[in-house]
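# Structural features, examined
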Amino acid sequence: MLRRNIRLRREYLYRKSLEGKERLLYEKKLKIKKALEEGKPIPTELRNEEAALRQEIDLEDKNTAVPRNHIDDEYASATERDPKILLTTSRNPSAPLTQFVKELKIVFPNAVRVNRGSQVISEIIEACRANDYTDVILVHEHRGVPDGLIISHLPFGPTAYFGLLNVVTRHDIKDKKAIGTMPEAYPHLILDNFSTKLGERTANILKHLFPVPKPDTKRIVTFANQSDYISFRHHLYDRQNNNPRVKYGNPKSIDLKEIGPRFELRLYQIKLGTVDQSEAQIEWVIRPYMNTSKKRKFIGE
Amino acid sequence: MSTDDPACLDILRRLKSTDPPLWLAPNPSLSQQARTASLGLFSSLKPYTPQSPLDRLLIDGFDAEQIWQQIELQSHPLLSFLQREVKRFEKSGEISRFLAEEPQMKDILREAEDDQGRKEEEDVDGFDEDEAGASEDLDDDDEEEDGAEEEEKEDRDEVGDESESESGEEGDKGGIEDGFLKIKELEEYLQKDEAKKYGLEGSGKKKAGNKERRGIDEDESSEEGEEDDGDDDDEPGGFGVDDDEEEIENARYEDFFGGKRKKARRKPKVKDGSEEDVSEEEDGDDTENENEGNHNLSTHEKELLSMKSKIEQMEKANLEPKTWTMQGEVTAAKRPKNSALEVDLDFEHNARPAPVITEEVTASLEDLIRKRIMEAHFDDVEKPPSLPGKGPREIKELDENKSKKGLAEIYEDEYAQKASLISAPSSFSDEQKKEATLLFKKLCLKLDALSHFHFAPKPVIEDMSIQANVPALAMEEIAPLAVSDAAMLAPEEVFSGKGNVKDESELTQADRKRRRAKKKRIHKAEEAKRMTTKSKLRTMPNPDEGKED
């Protein structure tokens, strides 16, 4: 098990190192393809390799045509199976934090909550790997208010560190009847305004926490980005056509009922390893003390 | 029944003289006495409260709480009335009576303080006894006694107040003044400002009032101290109470800096005990004397004077060390305690502030969600495209033509194939398949060799192929290193000689001689041949040889 893991990790790193060359090849093939399509002569720099490349192009299918990225590798097999999530907290959680984690457990389908006790992080990760979990989520707090979220994808996948703000839990809303119970169908996802590369990476990480839903579910989970603050919202919708005669473009006759907790996420780090690998490479980290950071938006717009 | 009534007084005295321990246990007689006493006090105060709805204190059948509330009902307007009376008392001329009688004032002040202390003690006692669960009537009694005490104390306080504010503090002017705003200070400031603009005309007159006030206002000196020190040169003087005003208008220069100087000086010494004030005032006085020689200054000169004073002020400020906010880098040790809280510090924030979730934000989010739902445009995870597991099935085309071979011939061919005499003609796809499988096996073998710890070499496929011209030894070897052409040939092909071939070591003497002779004969023949070819070349006509130029 250990040797297998080491070998897998070495393979992964090796493939990462090859990416540069593959990228070059891919570009060349792209140029040739374009030239062929447009009927233009092939660019002179590619004349020597043209024959070999042309052969490869013919043999390619859509899977192999796209250059493989180490990032894609992490989520390559994610689509084949449903994600399996483990939720836990920091040590000695307070009562509000445990309540919040319970709510999160219901939000993520196929999630399991575990008491932290005195387990070390590496133990948790090993146990998860042995039992075929795909993601681990840790929730941290400050005096009862949840303030940190760490999402770690398991087969040596990336770890995203978020800070939580403006947390409103279902438990805060005292009126139990108004809130009702939370449905557990697989939800539809809305990811809005993740336009940069980093934004797409984050969107990917968040997306793969959820399984493939049925097309007719009524449950919606939204991650909306606004100037690097991602808002999480959880709604149930009801398509009520008050005026049955109006066919074209129902004038917003959709009833949205907010269920579930609501919070803002602020990404501050992405690491290319799991949580227990503290020496893993940092893909991106926030720079709050840089003078121009106020003007720049990293995730969207 | 009122306090004048001897019976009431008697009851009160009796109550006062009872032993304290008796109050601990509920005593009906004591309670009754206390009630009647409070009735008496109430009726004695009745004439001062014309608006009270109660004619007399109702005690029969009422419990302590109710009696207490009745008393409170009466005493509230009474207290405010008393306060007004005290103020009026202050304003009236009876203050000056107390000015002269200092030792008496001191005693009175001391007494007032003692009374206050005692009153507080009694309050505490009353509270404790109440909590001990003693008779509730103790409350009434104490309260009444306190009421009486209050009245006495107020009288003394009146005196004390008057003595404290000789110039006459006006106290609360209907709630406008509080800890921060003092009308008097405001007036002073306005006067000062006006004086700065229009010259130093009336400043001298206000000098005395200022000095007196300053000497006396112990409370305000700490707050005003800075201002007043700065004001030494320019002495406007606010208007105080009516007393001072009258004095100022009628007084003359000589009154202040001749006679009244000593008087005014005495007060600060007594009250403040600080000689600095006095010396400063004296300094101020000196400069004032000089400046105020001419009251008729032209506006230009007045402006010059004001400018000059401004310049002096600024120069003075420049000479002093700067405030800590103006100094460069200041640590906490260099500035006064908690002073950073008072100053409005300004620095750049490099992070965008966290978003505040307002109604509008929520509404916009919900609109976005609704739009997406309508379009049914979600960002779900998509199912992966299923890889083609099986290849396309081979569709064998049926040959519809009539078979050329007869049935017997077909059976014949099949038997032959089974007996493996003749191999069947393989179809094109078969050959391709064979080639493909062969390639794949080779690839697999290589991969296995790379990745398996325990490598199993490929099984040898027996291949019948005849190789000519390979020596027998080479055949047995698995990997012949080198096979040259020479090894490929049979010995007779290498040497096709005739007769008895002898080796060097086997030759006799005669044979050796014969060999040597043979060699010589051959050599000679060759030499002769060479000579002839050489001579031929030499005797060839050279066209240029005969020419002599």
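Residues numbered from 1 in each chain as written. Chains lettered and ligands numbered in written order. Predicted model: local features only at pLDDT ≥ 70, side-chain atom pairs only at ≥ 80, totals over all residues. Heavy atoms only, no water.

Taken together, the contact between chain A and chain B spans 46 residues of the former and 29 residues of the latter. Here chain A meets chain B over a buried area of about 3,200 Å², counting both sides, of which 60% is carbon and sulfur. Here chain A and chain B share zero salt bridges between them. Applying the counting rule to chain A against chain B returns 12 residue pairs in polar contact (both at pLDDT 80 or more). (Contact = heavy atoms within 4.5 Å. Buried area = accessible area lost by both parts, 1.4 Å probe. Salt bridge = Lys/Arg side-chain N within 4 Å of Asp/Glu carboxyl O. Polar contact = N/O pair within 3.5 Å; in protein donor to acceptor, adjacent residues only side chain to side chain.)

Residues and elements named next belong to chain B. Helix α2 (residues 28-45) packs onto helix α1 (residues 6-17) with a crossing angle of 130 degrees between their chain directions and a minimal axis gap of 9 Å. It follows that α1 is oblique to α2 by the angle criterion. Crossing of α1 against α2: the hand is left-handed. Residues C8, I11, L12, R14 and L15 of α1 form the contact with α2, whose participating residues are L30, Q33, A34, T36, A37, G40 and L41. Looking at the contact of α1 with α2 residue by residue, the class counts come to eight nonpolar, three polar and one charged. (Axes fitted to C-alpha atoms, helices over the stretch in contact; angles between N-to-C directions. Helix = DSSP H or I, 4+ residues; strand = E, 2+ residues; numbered from the N terminus. Parallel < 35°, antiparallel > 145°, perpendicular 65-115°, else oblique. Left-handed = near helix turned anticlockwise from the far one by under 90°. Nonpolar A, V, L, I, M, F, W, Y, C, P; charged D, E, K, R; others polar.)

For a regular strand, side chains alternate in direction, first toward one face of the sheet and then toward the other. Residues and elements named next belong to chain A. A large share of strand β5 (residues 159-168) lies buried, amounting to seven of its 10 residues. Bridge count between strand β4 (residues 145-153) and β5: five bridges; the pairing is antiparallel. Each bridged residue has a counterpart across the sheet, and for G148 the counterpart in β5 is G163. Between the end of β4 and the start of β5, which pair antiparallel, lie five residues, with F156 showing a positive phi angle near 40 degrees. Sheet analysis places β5 next to strand β10 (residues 262-271), joined by eight bridges and oriented antiparallel. (Buried < 20%, exposed > 50% of the residue type's maximum accessible area, 1.4 Å probe, protein only. Pairing = 2+ DSSP bridges.)

So, on to the nonpolar core. What tends to happen in soluble globular proteins is that the nonpolar side chains get buried as a cluster. Residue and element names in this part refer to chain A. Counting 41 residues, the largest nonpolar core has L149, F162 and F223 as the members making the most contacts within it. It is helix α5 (residues 95-107) that contributes the most residues to this core, five residues altogether. Not counting residues up to four positions away in its chain, the partners in contact with F223 are L189, I190, L191, D192, F194, L206, F210, I230, S231, F232 and L265. Grouped together as the second largest cluster of nonpolar side chains are 11 residues, I124, Y133, Y161 and V275 included. (Core = buried A, V, L, I, M, F, W, Y, C linked by side-chain atoms within 4.5 Å.)

All names here are of chain A. The residue E50 is located in helix α2 (residues 50-59) in this model. What makes E50 buried here is its relative accessible area of 16%. If near-sequence neighbours (up to four positions away) are discounted, E50 is found in contact with I32 and I42.

A complete count under the given rule lists 20 salt bridges over all chains for this structure. Across the pair B:R14 and B:D10 runs a salt bridge whose closest N-O atoms are separated by 3.5 Å. Residue B:R14 and its partner B:D10 are located together in helix α1, separated by four residues, close to a single helical turn. Taken together, the shared-partner salt bridges in this structure form one network comprising A:K29, A:E56 and A:E60.

Counted under the stated rule, the structure contains 11 cavities of 30 Å³ or more. Here the largest cavity is characterised by a volume of approximately 170 Å³. Lining the largest cavity are 17 residues; nearest its centre among them are A:D228, A:R266, A:I286, A:F298 and B:R352. Of the residues in the lining of the largest cavity, the class split is eight nonpolar, three polar and six charged. (1 Å grid on protein atoms, 1.4 Å probe; cavity = no way out; pocket = protein on both sides within 12 Å on 5 of 7 lines; lining within 4 Å. Points joined across faces, edges and corners; volume = space filled by probe spheres on them.)

Before going further, it helps to spend a moment on helix α6 (residues 121-130) of chain A. It helps to recall that an α-helix has 3.6 residues per turn; residues three or four apart then point in one direction. Residue and element names in this part refer to chain A. Regarding α6, the residues found buried are I124, I125 and C128. End-on, the buried residues of α6 take up no more than an arc of 95 degrees, which puts them together on one face. Away from its buried face by more than 90 degrees, α6 exposes E126 and A130. Close packing links the buried residues of α6 with β1 (85-89) and β3 (135-142). After α6 finishes, the residue D132 shows a positive phi value of roughly 70 degrees. (Arc of directions from axis to C-beta.)

In the structure shown here, the tally under the stated rule is seven aromatic pairs over all chains. Ring geometry for A:F100 and A:F263: centres 5.8 Å apart, planes at 75 degrees, overall edge-to-face. Of the two residues, A:F100 is situated in helix α5 and A:F263 in strand β10; the sequence distance between them amounts to 163 residues. In this structure, A:F100 and A:F263 share a single accessibility class: buried. Here the aromatic rings of A:F108 and A:F210 are separated by 5.4 Å at their centres, their planes lie at 40 degrees, and the arrangement is tilted. With A:F108 in the loop between α5 and β2 (111-113) and A:F210 in the loop between α8 (197-207) and β7 (219-226), the pair connects residues that are 102 residues apart, well separated along the chain. Each member of the pair, A:F108 as well as A:F210, carries the same accessibility label: buried. Taking NZ or CZ as reference, B:R335 lies 5.5 Å from the ring centre of B:W324, over its face. (Phe/Tyr/Trp six-rings, centres within 6.5 Å; stacked < 30°, edge-to-face > 60°. Lys NZ or Arg CZ within 6 Å of the ring centre and 35° of its normal.)

Below, the discussion takes up the environment of A:K28. Residues and elements named next belong to chain A. Along the polypeptide, K28 turns up in helix α1 (residues 2-38). Sequence separation of K28 and P43 is 15 residues, and the distance between their C-alpha atoms is 9.8 Å. Contact partners of K28, with chain neighbours within four places excluded, come to L46, E49 and L53.

Any residue range with low pLDDT should be treated as having predicted coordinates unsuitable for detailed reading. Residues and elements named next belong to chain B. Averaged over every residue, the pLDDT of chain B is 71; the share at 70 or more is 58%. Confidence scores differ between elements of chain B, with helix α9 (residues 218-230) showing the lowest mean pLDDT of 44 and helix α13 (residues 299-319) the highest of 93. Throughout residues 123-150 the model reports pLDDT below 50, and contacts reaching past four residues in sequence, or to other chains, amount to 31 contacts. Under the prediction, the complex receives an ipTM of 0.83, its pTM being 0.46. (pLDDT = per-residue confidence, 0-100.)

Okay, a positive patch on the surface next. A contiguous patch of positive charge, built from B:R512, B:R515, B:K518 and B:R521, is present on the exposed surface. Structurally, B:R512 is set in helix α21 (residues 509-539). (Patch = residues over 30% accessible without salt bridge, like charges linked within 9 Å, V, L, I, M, F, W, Y side chains within 5 Å. Areas by Shrake-Rupley, 256 points an atom, 1.4 Å probe, with all protein chains shown as cover. Lys, Arg positive; Asp, Glu negative; His and termini not counted. Charge placed at Lys NZ, Arg CZ, Asp CG, Glu CD.)

On the surface, a cluster of nonpolar side chains totalling about 550 Å² of accessible area is made up of B:F180, B:L181, B:L186, B:Y189 and B:L190. Mapped onto the secondary structure, B:L186 falls in helix α7 (residues 183-198).

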